[in-house]
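Listed here are the chains, written in short residue letters.
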Amino acid sequence: MRIEALARFRLAQLPTPIEELKSLSRELGGPELLIKRDDQTGLALGGNKTRKLEFLVGQALEQGADTLVTVGAAQSNHCRQTAAAAARAGLRCELLLNGIKPELPNGNLLLDELLGARIHWVQRSEREVKLSEILAELRKQGGKPYVIPVGGSNGVGATGYVLAMMELAEQLNRLNQRVDHVVFASSSGGTQAGLVVGAKVTGFDTKLHGVRIDKDDEGAIYERELAEIANETAKYIDFDAQFTAKDFNVEYDYLGYGYGVVGDLEREAIRLLASREGIVADPVYTGRAMGALLDLIRKKVFRSGETVLFWHTGGAPALFAYAEDLV
Ligand SMILES: Cc1ncc(COP(=O)(O)O)c(C=O)c1O
């Protein structure tokens, strides 16, 4: 394995803390609950993309790039953190966001603008064509763009979550604390793929539950995509292991009405975590994943005496764009 030798641009405040969710656990009569605070990674309001971007920006700088280019939803946390990473690394940033420009930028979008990104609004179906045009234009002007895939989820980005798992294993070891289950939001896959590779690297024996956030495209099998990213990651870090779809545990019961649609599950979870623990989840990812955790506890999926860790992956800036759905 050669993680130490990989190009890396430091962006995150690490290690992120682990805290106990005592009030929530007591109220639910549930298992012992811990939370890993990757909402506190420190880059422009934090989140899971900071860890991925350390390796993506590292590679971009190594290749002599001058511009980061990426794509996402209008309220993409990944795009906001990419814009911040570009600012920190002295790079330009071009974002292709789905949809049409709103009258007033809010939430992550406001931050994208403040962070100096150039924003292009595109229809989702036309995104690839527009991306090629923008790259061609940048190259024609003598620029050297570096393209980051949706959510930073390739082998390079997921390497950040291999290290995150190593960080967790070390923290738990020091605390002499066992964790039986880890629950987190899973969307473009880099987080889950990296965690699974990291669990293999460390021999960390815990059940990882990725809570699926988006409905899959027809014919697509998410576990296969996860295995592809995990294999790419293993190759990138030179770790001799092969992953298949069977290595991934995905919870599919919490898709609601689809990506970014806030329902009772998310509303209750966000309010409960905020009002009992003073911790803010987001409407799209961590609100849904926390809602899934509450449901799994109520269905008694976890045995008494077990410990469950919720991996908070950030996203709170999007709350401000979802105010109408939350009050
Ligand atoms: C706050 C938050 N949590 C979780 C995720 C999911 O992570 P991944 O895309 O690596 O599956 C995202 C991705 O956009 C996110 O913004």
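Residues numbered from 1 in each chain as written. Predicted model: local features only at pLDDT ≥ 70, side-chain atom pairs only at ≥ 80, totals over all residues. Heavy atoms only, no water.

### Some remarks on the sheet that holds strand 3 (residues 67-72)
Right, on to step 1. An order of 5-4-3-6 is seen for the four strands of this open sheet, with the pairing classed as parallel. Two strands bound the open sheet, and with one partner strand each, they are strand 5 (118-122) and strand 6 (145-148). The sheet shows a mean angle of 20° between the axes of neighbouring strands, direction not considered.
Right, on to step 2. As paired strands, strand 3 and strand 6 are joined by four bridges and run parallel to one another. When the bridges of strand 6 are listed, Leu68 appears paired with Tyr146.
Right, on to step 3. On top of the sheet, helix 2 (residues 49-62) reaches strand 3 and strand 6; it is set at about 155° to strand 6, its chief contact.
Right, on to step 4. Along the sheet face, helix 4 (residues 107-114) touches strand 4 (92-98) and strand 5 and points at about 135° away from the line of strand 5. (Pairing = 2+ DSSP bridges. Helix = DSSP H or I, 4+ residues; strand = E, 2+ residues; numbered from the N terminus. Axes fitted to C-alpha atoms, helices over the stretch in contact; angles between N-to-C directions. Contact = heavy atoms within 4.5 Å.)

### Notes on the layout of surface pockets
Right, on to step 1. One number sums up the size of the largest pocket: a volume of about 850 Å³.
Right, on to step 2. Lining the largest pocket are 41 residues, and of these Val150, Ser187, Ser188, Asp214 and Tyr259 sit closest to its centre.
Right, on to step 3. Every element with two or more residues in the lining of the largest pocket is listed here: helix 2, strand 3, helix 3 (77-89), strand 7 (181-186), helix 7 (190-202) and helix 8 (222-236).
Right, on to step 4. If you tally residues by element for the lining of the largest pocket, the top one is helix 3, at four residues.
Right, on to step 5. The class makeup of the residues in the lining of the largest pocket is eight nonpolar, 21 polar and 12 charged.
Right, on to step 6. By volume, the second largest pocket is sized at about 260 Å³.
Right, on to step 7. Lining the second largest pocket are 14 residues, and of these Arg8, Leu163, Met166, Glu167 and Glu170 lie nearest its centre.
Right, on to step 8. The element that contributes the greatest number of residues to the lining of the second largest pocket is helix 6 (residues 155-175), accounting for seven residues.
Right, on to step 9. Of the residues contributing to the lining of the second largest pocket, the split by class is seven nonpolar, one polar and six charged. (1 Å grid on protein atoms, 1.4 Å probe; cavity = no way out; pocket = protein on both sides within 12 Å on 5 of 7 lines; lining within 4 Å. Points joined across faces, edges and corners; volume = space filled by probe spheres on them. Nonpolar A, V, L, I, M, F, W, Y, C, P; charged D, E, K, R; others polar.)

Such coordinate-based values are descriptive only and should not be taken to indicate function.
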